[in-house]
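Observations on the three-dimensional arrangement
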Amino acid sequence: GGWHWVRSKLRCLTVSVSRTYDEIRAIIKIVVVVFQITSSFATSFPYMDFPRVLIRYQQIFGFASLDVVPALRRACIGNFDHLDVLIWATLGPFFVAAVFVAGVCASRRVKQEPLDSLPRRVQPPLLVLSYVVLTSISRVIFRTFRCDDDFDHPSEAAHSPFYNRSYLFVDYSVSCKSARYRVHAAYAILCVCIYPIGIPLSYLFALISVKPIIAPSNVGDLAHSVVQKGKSEGSWLREEVDHEPDCVDETKGTMVDQADNWTRPRLLAESYLTEQDAIEHVAQKAVALTAPNPKPLIADEVPDSLHVDVKRLQDVGYELIHTTRTAHPDCHATSFLFCDTRPSAWYYEIVDAAERLTLTCLLPLPWAAPNAVLQHAAGAILSVGFMVINALVRPFKSPIVGCFSLFTHFVVSTNFIILWLLYDDANLEGDTDAGINRKVLGFCAVVLNAALMPICAFIAVGLEAGVDARRVRWILSKFQCDAHALT
């Protein structure tokens, strides 16, 4: 009895820690996105006269966008241009992925694991890698296509040494009319298909493949399939353990855990189907009362089991979807893309990728002058638009994470508005005293990004840990299952 109590408490603690880790992962992803966007202003708006404190912030937090080239150039390390950086940046992730896959294959052979376990071990880290490098590499790719050919002054065009010349906007040592540039430009077009287009498309295909599980259109159908699969999978795994006496203890423990993983979804599915049947029975009684010459329905004749709460059924269905996509083996490899979102917002990772690419790679706009006011106005308008989308969709299953995400969107929008104000101040004509205090604006942006946002992130993590503990207790009380059976 004592050991059973200890084991049940440990399992409840494991559930709580696992779920809290999911929410921490969501917060980490949000923080990384904010730093990637706010640390790319110097490259998105190269003509901008930034305050010194904001320039220092860009240099320190440039690691979030993996932009180490400026640091190497400041340290006079290496002799390379943007075309060299293009090759290194685009081939680097393939090299890292190849080394990782080779290590996993070697580990699999040593442990004599089956071949079908390879995708489940390889795909999640590769998804994390693609998430981290998406914006930084895409930015390098898009910079390759922007050339500056505005050198021909009408009065001295024929005599200018730069007449009919064109140079790369981010590296004036590269001529856009050289054969070397044309070869690298063709290579960059291929990389556009791989990175800024290919990665979001791969996310979309991966999410669509598991959509019937992570966002089912009919929860009742999911409940029926979970009941069947939970019984078959659990029985098969436990029979395998019983009929393999020579199996090592570690493998036995893994198979028992896999069988236990289906116990909780199955119990939730059975509870959902019971509640659904009760609601349908109540609906049939209500229809009978509205028929011609209805027979009065005496309240005492209605059993207590029919006094159901539709809201409770929705809660059970939501929890069923959440636990099923956690336990289902088809979802393990791609759980990074949807583990922190609500079922109705299963597609939000695609929206997040579009937001990051828009705010870090498409600015400055290619069809407008780099130093035009349209660039800063577009950044402010787009950032506010993505904030509105986040507020309307409410993608995260945790209200705390959702509030933190909305706050970080406000931070990003405020940064773009501050840049717009700095641009307007730098281009004021006439009385220079009529401008705003640039140092104060830069300091406010740095405090907002480097101090207030991390503090809010730590607060969100702490609050989420407490909410998650109460959620586990809610599950145990709602379904009246002991901790060992439910977890």
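Residues numbered from 1 in each chain as written. Predicted model: local features only at pLDDT ≥ 70, side-chain atom pairs only at ≥ 80, totals over all residues. Heavy atoms only, no water.

**Some thoughts on the overall build of the protein**
We count it as follows: A run of H or I in DSSP counts as a helix once it spans at least four residues, and a run of E counts as a strand once it spans at least two, with each numbered from the N terminus. Think of it in three bands: with a 1.4 Å probe and only protein chains considered, a residue is buried below 20% of the maximum accessible area for its type, exposed above 50%, and partly exposed in between. Throughout, a residue-residue contact means that at least one pair of heavy atoms, one from each residue, lies within 4.5 Å. Note on areas: Shrake-Rupley with a 1.4 Å probe; residue coverage comes only from the protein chains shown.
Summing up its helical and strand segments, the protein has 19 helices and 3 strands in all. Looking at the protein as a whole, 44% of its 487 residues are labelled buried. By sequence separation, contacts in the protein at least 24 residues apart represent 76% of the contacts at least 6 residues apart. If you sum the accessible surface of the protein, you get close to 25900 Å²; carbon and sulfur atoms cover 64% of it.

**Section: helix 3 (residues 52-60)**
Using the following cut-off: The arc in question is formed by the directions pointing from the helix axis toward the C-beta atoms.
Of all the positions in helix 3, only Leu54, Tyr57 and Gln58 are classed as buried. For helix 3, the angular spread of buried residues about the axis comes to 100°, placing them on one side.

**With respect to the pattern of salt bridges**
Quick note on the threshold: Within this document, salt bridges are pairs made up of a side-chain nitrogen of Lys or Arg and a carboxyl oxygen of Asp or Glu, the two lying within 4 Å of each other.
Applying the stated criterion across every chain yields a total of 5 salt bridges. The residue Glu349 makes a salt bridge to Lys29 at a minimum N-O spacing of 3.2 Å. Of this pair, Glu349 sits in helix 15 (residues 348-360) while Lys29 is found in helix 1 (residues 2-38), placing the two residues 320 residues apart along the sequence. The same class applies to Glu349 and to Lys29, which are both buried. Taken together, the shared-partner salt bridges connect Lys29, Asp340 and Glu349 into one network.

**Description of helix 16 (residues 373-393)**
Rules: Helix span, as expected, comes to 1.5 Å for every residue beyond the first.
Across its 21 residues, helix 16 extends 30 Å between first and last C-alpha, which sits within 8% of the 30 Å expected from 1.5 Å per residue. Looking at helix 16, one finds that the buried residues are Gln375, His376, Ala377, Ala378, Gly379, Ala380, Ser383, Phe386, Met387, Asn390 and Val393. The elements touched by buried residues of helix 16 are helix 15 and helix 17 (399-426). Just past helix 16, the residue Arg394 takes up positive phi, approximately 50°.

**Remarks on the state of the cysteines**
Here is the idea: a disulfide is a covalent bond, and it sits between the sulfur atoms of two cysteines. Defined as follows: Cysteine sulfurs are considered disulfide-paired once they come within 2.5 Å of each other.
With the rule as written, the count across this model stands at 1 disulfide. The partner cysteine of Cys147 in its disulfide is Cys176, sulfur to sulfur 2.0 Å. Taking the sign of the torsion about the S-S bond as the criterion, the disulfide between Cys147 and Cys176, at about -95°, is left-handed. One end of the pair, Cys147, is in strand 1 (residues 147-148); the other, Cys176, is in the loop between strand 3 (171-175) and helix 7 (179-194), and 29 residues separate them in sequence.

**What to know about a nonpolar patch on the surface**
Inclusion rule: Patches here: salt-bridge-free residues with over 30% relative accessible area, like charges joined within 9 Å, nonpolar side chains (Val, Leu, Ile, Met, Phe, Trp, Tyr) joined within 5 Å.
A cluster of nonpolar side chains, namely Val384, Val388, Leu392, Ile417 and Leu421, defines an oily patch on the protein surface of about 410 Å² accessible area. The dominant element in the nonpolar patch, judged by the number of residues it contributes, is helix 16, at 3 residues. Relative to the elements of secondary structure, Val384 occurs in helix 16. The class of Val384 is partly exposed, set by a relative accessible area of 30%.

**Let's talk about the pairing of strand 3**
To keep things clear, this is the line we draw: Strand pairing follows a simple DSSP-based rule, namely that at least 2 bridges must link the two strands.
Where strand 2 (residues 167-168) lies against strand 3, 2 bridges are found, and the strand directions are antiparallel. Following the sheet pairing, Leu168 is matched in strand 3 by Asp171. Two successive antiparallel strands, strand 2 and strand 3, enclose a turn made up of 2 residues.

**Let's talk about the confidence of the model for the protein**
Counted only if it meets this: What pLDDT expresses is the predictor's confidence in each residue, scored from 0 to 100.
In the predicted model, the protein carries a mean pLDDT of 76, and the fraction of residues at 70 or more is 68%. Across residues 293-308 the pLDDT falls below 50, and counting only partners more than four positions away or on other chains, this stretch makes 15 contacts in the model. Low confidence marks residues 478-487, where pLDDT is under 50. Its contacts with residues over four positions away, or in another chain, come to 24 contacts.

**Here's the deal with the nonpolar core**
Quick note on the threshold: Grouping buried Ala, Val, Leu, Ile, Met, Phe, Trp, Tyr and Cys residues that are joined through side-chain atoms within 4.5 Å yields what is termed a nonpolar core.
In terms of nonpolar packing, the biggest core is built from 66 residues, with Phe45, Leu54, Ile141, Ile214, Leu337, Phe404 and Phe416 touching the most fellow members. Sorting elements by how many residues they give to this core places helix 17 first, with 9 residues. Core analysis: the second largest hydrophobic core is formed by 13 residues, Val226, Tyr272, Leu273 and Leu320 among them.

**With respect to the packing of aromatic side chains**
In plain terms, the rule: Whether two aromatic rings pair depends on their centres lying within 6.5 Å, for rings of Phe, Tyr and Trp, where Trp uses its six-membered ring; planes under 30 degrees apart make the pair stacked, over 60 edge-to-face, and the rest tilted. Lysine and arginine charges are scored as sitting over a ring when NZ or CZ, respectively, is within 6 Å of the ring centre and within 35 degrees of the ring normal.
In this structure the tally under the stated criterion is 5 aromatic pairs. The interplanar angle of 80° and the centroid separation of 6.2 Å between the aromatic rings of Phe94 and Tyr195 together place this pair among those described as edge-to-face. Of the two residues, Phe94 is situated in helix 5 (residues 82-111) and Tyr195 in the loop between helix 7 and helix 8 (198-209); the sequence distance between them amounts to 101 residues. Relative to Phe396, the ring of Tyr348 has its centre 6.2 Å away and its plane inclined at 70°; by these criteria the two rings are edge-to-face. Of this pair, Tyr348 sits in helix 15 while Phe396 sits in the loop between helix 16 and helix 17, and the two are 48 residues apart along the sequence. For the pair Tyr348 and Phe396, a shared accessibility class is recorded, and that class is buried. Over the face of the ring belonging to Phe336 we find Lys29, whose NZ or CZ atom lies 4.3 Å from the ring centre. Here the guanidinium or amino end of Arg356 rests over the ring plane of Tyr131, the centre of that ring lying 4.1 Å away.

**Focus: the packing of helix 8 against helix 15**
Quick note on the threshold: Axis definition: a line fitted to C-alpha atoms, limited for helices to the stretch in contact. Angles are taken between N-to-C directions and run from 0 to 180 degrees. Should an angle fall under 35 degrees it is called roughly parallel, over 145 degrees roughly antiparallel, and 65 to 115 degrees roughly perpendicular, with every other angle called oblique. Lys, Arg, Asp and Glu make up the charged group, whereas Ala, Val, Leu, Ile, Met, Phe, Trp, Tyr, Cys and Pro make up the nonpolar group; the residues left over, Gly among them, are polar.
Across the interface, helix 8 lies against helix 15 with an axial gap of 9 Å and an inter-helix angle of 170°. Looking at the two axes, helix 8 sits roughly antiparallel to helix 15. Here helix 8 contributes Pro200, Tyr203, Leu204 and Leu207 to the contact with helix 15, which in turn contributes Glu349, Ile350, Ala353 and Leu357. A breakdown of the residues in the contact of helix 8 with helix 15 according to their chemical character gives 7 nonpolar, no polar and 1 charged.

**Focus: the sheet that holds strand 2**
Sheet strands line up and pair through hydrogen bonds in the backbone, either parallel or antiparallel. Ordered by their spatial adjacency, 3 strands build an open sheet running 1-2-3, and the pairing between neighbours is antiparallel. Every other strand in the sheet has two partners, leaving strand 1 and strand 3 as the edge strands with one partner each.

**Observations concerning the environment of Pro125**
Mapped onto the secondary structure, Pro125 falls in helix 6 (residues 118-143). As for Pro125 and Ala97, which are separated by 28 residues in sequence, their C-alpha atoms are 8.9 Å apart.

**Here we look at unusual backbone geometry**
The backbone of Arg394 sits at a positive phi, close to 50°, despite the residue not being glycine. Judged by its relative accessible area of 57%, Arg394 falls in the exposed class.

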